[in-house]
Amino acid sequence: MRIEEGVVLARFTTIGTGGPARALAQPETVPELQEVLRFARERGLEVATIGLGSNLLVADEGFGGVVLKLAGELARAEVRGELLVAGGGAPNAVALHRARAAGLGGFEFACAIPGTVGGGVWMNAGAYGSDWAAVLERALVVSADGDEWRTPAELGLSYRHSGLEPGEVVAEVEFRLAPRPSAEIKSIVAGLQAQRKAAQPTNKRTYGSVFKNPEHELTSGRLLEACGLKGHRIGGAQISPRHANFIENADGARSEDAIALMAEARRRAWEQYGVELEHEVVFLGDLELPPLEK
Ligand SMILES: Cc1cc2nc3c(=O)[nH]c(=O)nc-3n(C[C@H](O)[C@H](O)[C@H](O)COP(=O)(O)OP(=O)(O)OC[C@H]3O[C@@H](n4cnc5c(N)ncnc54)[C@H](O)[C@@H]3O)c2cc1C
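A short tour of the structure in this document, coming up. (Residues numbered from 1 in each chain as written. Predicted model: local features only at pLDDT ≥ 70, side-chain atom pairs only at ≥ 80, totals over all residues. Heavy atoms only, no water.)

**So, the sheet that holds strand β1 (residues 2–5)**
Part 1: Taken in spatial order, the four strands make up an open sheet running β1-β2-β5-β3, and their pairing is mixed. Of all the strands in the sheet, just β1 and β3 (47–49) have a single pairing partner and so form its edges. Looking at each pair of strands side by side, their axes are set apart by 20° on average, direction ignored.
Part 2: Sheet topology note: the β1/strand β2 (residues 21–26) ladder contains four bridges and is antiparallel. Residue pairing for β2: Glu-5 is matched across the bridge by Ala-23.
Part 3: The strands that helix α1 (residues 30–42) touches are β2, β3 and β5 (63–68); relative to β5, the one it contacts most, it runs at about 165°. (Pairing = 2+ DSSP bridges. Helix = DSSP H or I, 4+ residues; strand = E, 2+ residues; numbered from the N terminus. Axes fitted to C-alpha atoms, helices over the stretch in contact; angles between N-to-C directions. Contact = heavy atoms within 4.5 Å.)

Spelled out as structure tokens, the structure:
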């Protein structure tokens, strides 16, 4: 198993910010994953799993624990009958490619989600009216205590949420799909990608949706747009001029710039609409948003 010290995590996040991890381990099998989890527990080190870093904001000062990046057989995908079986570290694009090649449909929505299969379980990722919970049969969850298969109900999946705890790693996932001609899958994917391109900043470095949609008639994006935030810039980060629920790395952004923008967005949404926005992006390291002045 590859283990490196002091690796700068900006290399592994789609926004391209974040400081060094004390250690980065790349387990390739379940026993290797268990070994590193136990090693960290014995030394009292915090553990965090990183997928493709597509919904992650890492502190500029870095993370003092062990970062796990699943590799080898924990990052592969294959089809077995009507099951799409993938390691937690398998990119969604690879899993979707395998499903399409085997003529299995139902996972097309994941073409819009540039993360891994395990990252998708963590927050029940979803798009275009579907989500992980809709296609997931079960997931193998590994911790320092052992491993167990969990169903969507046992994983506690709801809107952009699971009941998984830090230190629990999704090592393998089974999706139940249904036969669909490859050409049809290809055309569905092309349609969804065109929709995405028309609405979101697909050619910029971002971490996807910044805030969850609130219980309000406006989505987070529309709400922040109405607060006049499109294009608002702090340091090297700016709120996308295209879609206000995205923060772009405009030029040499730091995570602290993104945090300052998020704080400003929350303040305005609260003061102008009485809405308390909750962040969807996951924080790693010593990062937090200032409390709202109510
Ligand atoms: C341009 C763009 C568009 C996006 N569109 C969407 C969208 O339409 N819908 C949507 O839901 N999301 C969207 N996202 C956000 C993101 O792609 C998803 O949340 C994705 O599921 C994150 O996966 P990841 O592997 O990159 O996880 P990371 O960002 O690396 O990590 C996110 C969280 O998952 C945990 N995690 C990762 N892997 C595992 C694992 N194997 N086991 C346990 N925990 C794990 C991490 O510890 C962290 O807490 C978008 C992002 C971008 C950049």
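Further notes follow.
**So, the site of the ligand**
Part 1: Close to the ligand lie 32 residues; Thr-49, Gly-51, Ser-54, Thr-116 and Gly-126 are nearest.
Part 2: Take Ser-54: an N or O atom from its side chain is 2.6 Å from an oxygen atom of the ligand.
Part 3: When residues in the shell around the ligand are grouped by element, the largest group, four residues, is from helix α3 (residues 117–122).
Part 4: Tallied by class, the residues present in the shell around the ligand amount to 15 nonpolar, 14 polar and three charged. (Near = heavy atom within 4 Å. Polar contact = N/O pair within 3.5 Å; in protein donor to acceptor, adjacent residues only side chain to side chain. Nonpolar A, V, L, I, M, F, W, Y, C, P; charged D, E, K, R; others polar.)

**A few points about the packing of helix α2 (residues 92–101) against helix α6 (residues 182–199)**
Part 1: At a closest axis distance of 8 Å, the pairing of α2 and α6 adopts a crossing angle of 145°. Residues Leu-96, Ala-99, Arg-100 and Ala-101 of α2 form the contact with α6, whose own contacting residues are Ser-182, Ile-185, Lys-186 and Val-189.
Part 2: The residue inventory of the contact of α2 with α6, partitioned by class, reads five nonpolar, one polar and two charged.

**So, the pairing of strand β11 (residues 136–143)**
Part 1: Across the eight residues of β11, six count as buried, placing the element largely inside the fold.
Part 2: As judged from the six bridges shared by β11 and strand β13 (residues 169–176), these two strands associate in the antiparallel manner. Paired with Arg-138 across the bridge in β13 is Glu-174.
Part 3: Of the strand pairs in this sheet, β11 and strand β12 (residues 146–150) are connected by five bridges, and their pairing is antiparallel. Along β12, the bridge assignment pairs Val-142 with Asp-147.
Part 4: In textbook terms, the turn of a hairpin is the stretch between consecutive antiparallel strands, and for β11 and β12 this stretch comprises two residues. (Buried < 20%, exposed > 50% of the residue type's maximum accessible area, 1.4 Å probe, protein only.)

**A look at the environment of Val-85**
Part 1: Structurally, Val-85 can be placed in strand β7 (residues 83–87).
Part 2: Spatially, the C-alpha atoms of Val-85 and Leu-284 are 28 Å apart, while their sequence positions differ by 199 residues.
Part 3: Every residue in contact with Val-85, bar those within four places of it in the chain, is listed here: Arg-76, Ala-77, Glu-78, Arg-80, Glu-172, Val-173 and Glu-174.

**Quick look at the nonpolar core**
Part 1: One finds Phe-107, Trp-132, Leu-155, Val-173, Phe-175 and Leu-177 to be the most contacted residues of the largest nonpolar core, which totals 33 residues.
Part 2: Contributing elements (two or more residues each) for this core: β7, α2, α3, α4 (132–135), β11, β13 and α6.
Part 3: Sequence-distant contacts of Trp-132, that is, excluding residues within four places in its chain, are made with Asn-92, Phe-107, Phe-109, Ala-110, Ile-113, Thr-116, Val-117, Gly-120, Val-121, Asn-124, Ala-125 and Phe-175.
Part 4: In terms of nonpolar packing, the next biggest core, distinct from the first, is built from 28 residues, Leu-261, Ala-269, Leu-277 and Leu-289 among them. (Core = buried A, V, L, I, M, F, W, Y, C linked by side-chain atoms within 4.5 Å.)

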